[in-house]
Amino acid sequence: MMDCGQARTRIPALVDKELGPLDAVEVEQHVAHCAECAAELRAQERLGSLVRQAAYFRASPELRHRIDVALNASSAATRPATGAPSVRADGRGRKPFTRAGWNMGPAIAGAAAVLLSVGLYLSTPTAEDRLAEDVLASHERALVATHATDVESSEAHTVKPWFNGKLDFSPPVHDLAGEGFPLVGGRVDYIGHRPVAALVYRRRQHLISLYIFPGPSRVSGQEADGREFQGFHLLRWAQNGFEFWAASDVQPEELQAFRRGVLAHADSP
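Residues numbered from 1 in each chain as written. Predicted model: local features only at pLDDT ≥ 70, side-chain atom pairs only at ≥ 80, totals over all residues. Heavy atoms only, no water.

## Regarding the packing of aromatic side chains
The way to describe two aromatic rings as a pair is by their centre distance and the angle between their planes. Here is the rule we go by: Only Phe, Tyr and Trp rings are paired, with Trp represented by its six-membered ring, and only when their centres lie within 6.5 Å; those with planes under 30 degrees apart are stacked, over 60 edge-to-face, the remainder tilted. Where helices and strands are cited, they refer to DSSP runs of H or I of at least four residues and of E of at least two residues respectively, numbered from the N terminus. Partly exposed describes any residue whose relative accessible area lies between the buried limit of under 20% and the exposed limit of over 50%, with all areas from a 1.4 Å probe on protein chains only and scaled to the type maximum. Think of it as a cone above the ring: NZ of Lys or CZ of Arg counts as a charge over the ring if it is within 6 Å of the ring centre and within 35 degrees of the ring normal.
Tallied over the full model, the rule gives five aromatic pairs. The interplanar angle of 65° and the centroid separation of 5.1 Å between the aromatic rings of Tyr201 and Phe258 together place this pair among those described as edge-to-face. Note that Tyr201 is positioned in strand E3 (residues 194–203) and Phe258 in helix H8 (residues 252–267), a separation of 57 residues in sequence. A single burial state applies to Tyr201 and to Phe258, both of which are buried. Centroid distance Trp237 to Phe244: 5.3 Å. Interplanar angle 5°. Geometry classified as stacked. Accessibility expressed as a relative area gives 2% for Trp237, which makes it buried. Grouping aromatic residues by their ring pairs yields a cluster made of Phe181, Tyr201 and Phe258. The ring of Trp162 carries Lys166 above its face, with NZ or CZ at 4.4 Å from the centroid.

Pasting the structure below:
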């Protein structure tokens, strides 16, 4: 049987349909019985979907103008000059080589370069896309793991000191039971190749993961950036020198209510 290490090295090739039939069947059989590798497969599939989605956008007027100019230059270079005599170099119907034909190559090359640069730009996921992918993968791992927390407590005064010595910052921790989001506990996780604080809250039968790490200093309560993918919702915002990411499968309005609760407690004296 294939182990987890072997499966995870083959999952990207499986997503890209680069595995042979036998290897693909082995990976699929392993994933069917391994929750962590199944979460990794879903994360890889989401990343591919994000890249494909990023390849479709509406070009700005400036970009459209640049492309039109390059294409028009290419088209003009292929047209014969007005009034040019219709002369044949020989009796077999071949036209003489003209200066317009000589200039056609650079024009086409310029248009191709513009289109290629646009394609490369759009096919590359942004840093925020990769960060969102890390958040979703971490939240899914927490859902399938035997425990979602390293310290389990509903008391903020118990959870907050637990992070001392485990992180190079002290994350804000609040009990939101009064708002309908009781604290479950916390853990240290890795997002964007760095350790972060991951707080876990509950909303009825649903878990909410709140990831906290130092970020750009912005105005408290800044409007959140929200996104949705495969039934999960994400909210990103910044406050008091920290960046926050909330991930859950609760309804968007409930996740917004959760964010308002975090903001209210952070701003309270």
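## Here we look at the packing of helix H1 (residues 4–15) against helix H2 (residues 21–32)
Spelled out, the test is: Lines fitted to the C-alpha atoms define the axes, with helices restricted to the stretch that makes contact. Angles between their N-to-C directions range from 0 to 180 degrees. When describing relative orientation, an angle under 35 degrees is termed roughly parallel and one over 145 degrees roughly antiparallel, while 65 to 115 degrees is termed roughly perpendicular and anything else oblique. Handedness of each helix crossing follows the sense of rotation of the near helix against the far helix: counterclockwise by less than a right angle gives left-handed, clockwise gives right-handed. The contact criterion used throughout is that any non-hydrogen atoms of two residues lie within 4.5 Å. Under the scheme applied, nonpolar residues are Ala, Val, Leu, Ile, Met, Phe, Trp, Tyr, Cys and Pro; charged residues are Asp, Glu, Lys and Arg; polar residues are all the others, including Gly.
Orientation of H1 relative to H2, taken along the N-to-C sense of each, is 120°, at an axis distance of 10 Å. If you check the angle between H1 and H2, you find them oblique. When the axes of H1 and H2 are compared, the crossing they make is left-handed. Taking contact as the criterion, the partners of Cys4, Ala7, Arg10, Ile11 and Leu14 in H1 are, on H2, Ala24, Val27, Glu28 and His30. In terms of residue class, the contact of H1 with H2 is made up of six nonpolar, one polar and two charged.

## Topic: the pairing of strand E4 (residues 206–214)
Using the following cut-off: Two strands qualify as a pair provided DSSP detects at least 2 bridges between them.
Most of E4 is tucked away, with seven of its nine residues classed as buried. The pairing of E3 with E4 spans seven bridges and is classified as antiparallel. From the neighbouring strand, Val200 faces E4, where its bridge partner is Ser209. When E4 meets strand E7 (residues 242–248), the two strands line up antiparallel, connected through six bridges. Its bridge partner being in E7, Pro214 is matched across the sheet by Phe242.

## Focus: the sheet that holds E4
The seven strands are arranged E1-E2-E3-E4-E7-E6-E5 in an open sheet whose pairing can be described as antiparallel. The open sheet has two free edges, formed respectively by strand E1 (151–152) and strand E5 (225–229), since each of these has just one partner strand. Two elements, strand E6 (residues 232–239) and E7, share seven bridges in a ladder whose sense is antiparallel. When the bridges of E7 are listed, Leu235 appears paired with Ala246. Relative to E6, helix H6 (residues 127–144) is tilted by about 120°, and along the sheet it contacts strand E2 (183–191), E4, E5, E6 and E7.

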